[in-house]
Amino acid sequence: MSLEQEINKRKTFGIIAHPDAGKTTLTEKLLLFGGAIQEAGAVKSNKIKKGATSDFMEIERQRGISVATSVLAFEYKGKKINILDTPGHKDFAEDTFRTLTAVDSAIVVIDVAKGVEEQTIKLVEVCRMRKIPMLVFINKMDREGKDAFDLMDEVEQNLGLQVTPLSWPIGIGATFKGIYNIWEKNINIFSGDNKQKVSETTKIEDLSSPELDALIGSNYAENLRNEIDLIDGVYPEFDMQEYMNGNLQPVFFGSALNNFGVRELLDAFIDIAPTPQSKETDIREIEPYENKFSGFVFKIHANMDPKHRDRLAFIKIVSGKFERNKNYYHVRQGKNMKFAAPNAFFADKKEVVDESFAGDIVGLHDTGNFRIGDTLTEGEKFSFKGIPSFSPEHFRYINNADPMKAKQLEKGIDQLMDEGVAQLFTLEMNNRKVIGTVGALQYEVIQYRLEHEYGAKATYEPFTVHKACWVEVENEKSEEFQEFKRVKQRYLARDKFNQLVFLADSAFTIQMTQEKFPSIKLHFVSEF
């Protein structure tokens, strides 16, 4: 198979949603359809005490939430699908933002009862900013919830999307009969009272056919005809180019738990979702079909296997073909490296691969060489753009609770910060360490992982900061900059990459600082 054919087989997407919208369940059902797993971990049965396939960190099992992005791959209808299942919980949003740099499209999952929620709005904003094509899946249709038209309005207004339904529910909750697939012109209905089985799909080319009445009853049939008429009048027709440009979002309805509407979603996804896309670097745009390999690190995960203390750097391949045991150039460090055991993923199962292509995600064993955002090439010097650190929202001093374990604590903090779990700031004045996170729950995760993975104990102290601002200055020797450093010395720190950061205690302080020191620019993201 040629390089181009291999790359065109690949579809890499992220699943984003508010916690509890059913994102991990949907991921599992997609894997079931792909034949990658035999039973779903989320089966509501006391006999099966498996954890969900994509949640493999101990703390995730205890809490029932996803705190790290999982990479899952499977084959379906001749295509290779790579799914990045992201944390929905807002305290882990930064991991999700970074993961969205590695996807070519996204599926947004919305709970029929709760509608559009806060975290969904933030994540969709990131996708819109990056013009990522999105599909919307409205989940849990077997439960009582909002009217389908009301939900479509909500999605348009709250998420700022232009939507068009490609499937439509017949009834809802207790009266939920099934799904009319607008994309393929067929109907799927439940068989049996328990709503666990889907009957054979029935092709319905013409909705005015009496066959529809026989299939779902005349009341439901009449209702469906009226609703489809309304859809034709109100919503735009699906347009491939508009979808690819991120301007039109198709909507599907279903119930992931009951396997309902998932196949329709997957089949349409296979037809319309983009193959690997080009990506900007600091010098030029990189096309996926270029012969030479390039890729970037979007995530680092330590201790996937606690017994072996291993760290994996997740690399999104942007162009060409990655080969095992071949020398590649690490741009930031300016040195060549080769990898004897690159991994492909299937949830917590990993296998060594000899070659991977643009669009794939590979895991490289890392002894501390990689940071988030690092670029690997076949020798060309460029760096991929758009993988910034955001200003944290919570800040605390971190203290060593066991002086005998100072080395372990230092190593643990160092590795966890490389993973992008949180950000470390070292105060210039007294070298005290401050940890900044997007959400308060991250502090628990850090404490838990330091103790269980590194044998180190840490305590926290409050530290009042409103925002971390990265400092940009043209002339470091200028009087203005020296004065700024003298006045603000208590609030100046260095981040992990030795960039100067001003830890401002309020929005007012930031405003006053910018007025008083006009030549000094303050940024809320580290990539400026």
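Just so we're clear, the structure is a prediction, and the values are computed from it rather than from any experiment. (Residues numbered from 1 in each chain as written. Predicted model: local features only at pLDDT ≥ 70, side-chain atom pairs only at ≥ 80, totals over all residues. Heavy atoms only, no water.)

All right, on to the overall build of the protein chain then. When its secondary structure is counted, the protein chain shows 14 helices and 32 strands. For the protein chain, the proportion of its 528 residues judged to be buried stands at 56%. Restricting to contacts in the protein chain with at least 6 residues of sequence separation, those with at least 24 account for 70%. Element-wise, carbon and sulfur atoms account for 46% of the exposed surface of the protein chain, whose accessible area totals about 23000 Å². (Helix = DSSP H or I, 4+ residues; strand = E, 2+ residues; numbered from the N terminus. Buried < 20%, exposed > 50% of the residue type's maximum accessible area, 1.4 Å probe, protein only. Contact = heavy atoms within 4.5 Å. Areas by Shrake-Rupley, 256 points an atom, 1.4 Å probe, with all protein chains shown as cover.)

For the structure shown, the criterion picks out 23 salt bridges. Between E184 and R263 there is a salt bridge whose closest N-O contact spans 3.9 Å. Separated by 79 residues along the polypeptide, E184 in the loop between strand 8 (178-181) and strand 9 (186-191) and R263 in helix 10 (residues 262-272) bring together distant segments of the chain. Across the pair R284 and E380 runs a salt bridge, and its minimum N-O distance is 2.9 Å. With R284 in the loop between strand 13 (279-280) and strand 14 (285-286) and E380 in the loop between strand 24 (375-377) and strand 25 (394-400), this pair connects stretches of sequence that are 96 residues apart. (Salt bridge = Lys/Arg side-chain N within 4 Å of Asp/Glu carboxyl O.)

Right, let's get into the environment of L32. With respect to the element layout, L32 can be found in helix 2 (residues 23-33). Taking relative accessible area as the criterion, L32 reaches 24% and is therefore assigned partly exposed. Considering only alpha carbons, one finds L32 and F74, 42 residues apart in sequence, at a separation of 9.5 Å.

Most of the time, phi is negative for any residue but glycine, and the peptide bond is trans. A positive phi angle, close to 60°, is found at N325, a residue other than glycine. Along the chain, the position of N325 falls in the loop between strand 17 (321-323) and strand 18 (328-330). A relative accessible area of 43% places N325 in the partly exposed class. The phi dihedral of N431 is positive, around 65°, even though this residue is not glycine. Within the fold, N431 resides in the loop between strand 26 (423-427) and strand 27 (433-437).

Where helix 11 (residues 406-418) contacts helix 12 (residues 441-454), the axes come no closer than 10 Å and their chain directions differ by 125°. Taken together, the axes of helix 11 and helix 12 are oblique relative to one another. Between helix 11 and helix 12 the crossing geometry is right-handed. Contact with helix 11, carried on its side by Q408, L409, G412, I413, Q415 and L416, involves I446, R449, L450 and Y454 of helix 12 and no other residues of that element. When its residues are assigned to classes, the contact of helix 11 with helix 12 shows six nonpolar, three polar and one charged. (Axes fitted to C-alpha atoms, helices over the stretch in contact; angles between N-to-C directions. Parallel < 35°, antiparallel > 145°, perpendicular 65-115°, else oblique. Left-handed = near helix turned anticlockwise from the far one by under 90°. Nonpolar A, V, L, I, M, F, W, Y, C, P; charged D, E, K, R; others polar.)

Moving on, we come to a negative patch on the surface. On the surface, a cluster of negative charge is made up of D229, D232, E237, D239 and E242. As for its position among the elements, D232 is in helix 8 (residues 218-234). By relative accessible area, D232 is classed as exposed at 57%. (Patch = residues over 30% accessible without salt bridge, like charges linked within 9 Å, V, L, I, M, F, W, Y side chains within 5 Å. Lys, Arg positive; Asp, Glu negative; His and termini not counted. Charge placed at Lys NZ, Arg CZ, Asp CG, Glu CD.)

What follows concerns the nonpolar core. In terms of nonpolar packing, the biggest core is built from 58 residues, with I110, I138, W168, L224 and F253 touching the most fellow members. Looking at this core element by element, the count peaks at six residues for helix 6 (residues 148-159). Summarising the domain contributions, this core has at least three residues from each of domain 1 (13-275) and domain 2 (280-377). Discounting residues that sit within four places of it in the chain, L224 has contacts with W168, I170, Y180, I187, L207, L212 and I216. Judged by nonpolar contacts, the second largest core, of 30 residues, contains L26, I107, F269 and A273. (Core = buried A, V, L, I, M, F, W, Y, C linked by side-chain atoms within 4.5 Å. Domains from an automatic or database assignment.)

The subject of this paragraph is helix 14 (residues 507-516). Those residues of helix 14 that fall on the buried side of the exposure criterion are T509, I510 and T513. For helix 14, the angular spread of the buried residues around the axis is 100°, confining them to a single face. For helix 14, exposure combined with an orientation more than 90 degrees from the buried face picks out F508 and E515. As for helix 14, its buried residues are in contact with strand 29 (467-472), helix 13 (479-487), strand 31 (500-504) and strand 32 (521-523). (Arc of directions from axis to C-beta.)

The predicted structure's coordinates, where accompanied by low pLDDT, should not be read in detail. Residues with a pLDDT of 70 or more make up 85% of the protein chain, whose mean pLDDT is 82. pLDDT under 50 marks residues 40-56. Its contacts with residues more than four places away, or in other chains, come to 39 contacts. (pLDDT = per-residue confidence, 0-100.)

On to the UniProt feature "binding site: GTP" (unreviewed entry) in the protein chain, then. Mapped onto this structure's residue numbering, the UniProt feature "binding site: GTP" (unreviewed entry) falls at D85, T86, P87, G88, H89, N139, K140, M141 and D142. Relative to the helices and strands, M141 is located in the loop between strand 5 (134-139) and helix 6. Once residues lying within four places of it in the same chain are set aside, the contact partners of M141 are V112, P169, G171, I172, G173, F176, F253, G254 and S255. Considering the arrangement of structural elements, one finds D142 in the loop between strand 5 and helix 6. (UniProt positions renumbered as here; feature names shortened; annotations may be inferred.)

With respect to the secondary-structure elements, D104 resides in the loop between helix 4 (93-99) and strand 4 (105-111). Once you skip the residues sitting within four places of it in the chain, D104 turns out to touch T12, I132, P133, P274, T275, P276, Q277 and K316.

Attention shifts here to the pairing of strand 27. Among the five residues that make up strand 27, four are buried, leaving the element largely enclosed by the rest of the structure. Here strand 25 pairs with strand 27 via four bridges, running antiparallel. Opposite Y397, over in strand 27, you have V434 as the bridge partner. Strand direction decides the pairing type here: strand 26 and strand 27, joined by four bridges, are antiparallel. (Pairing = 2+ DSSP bridges.)

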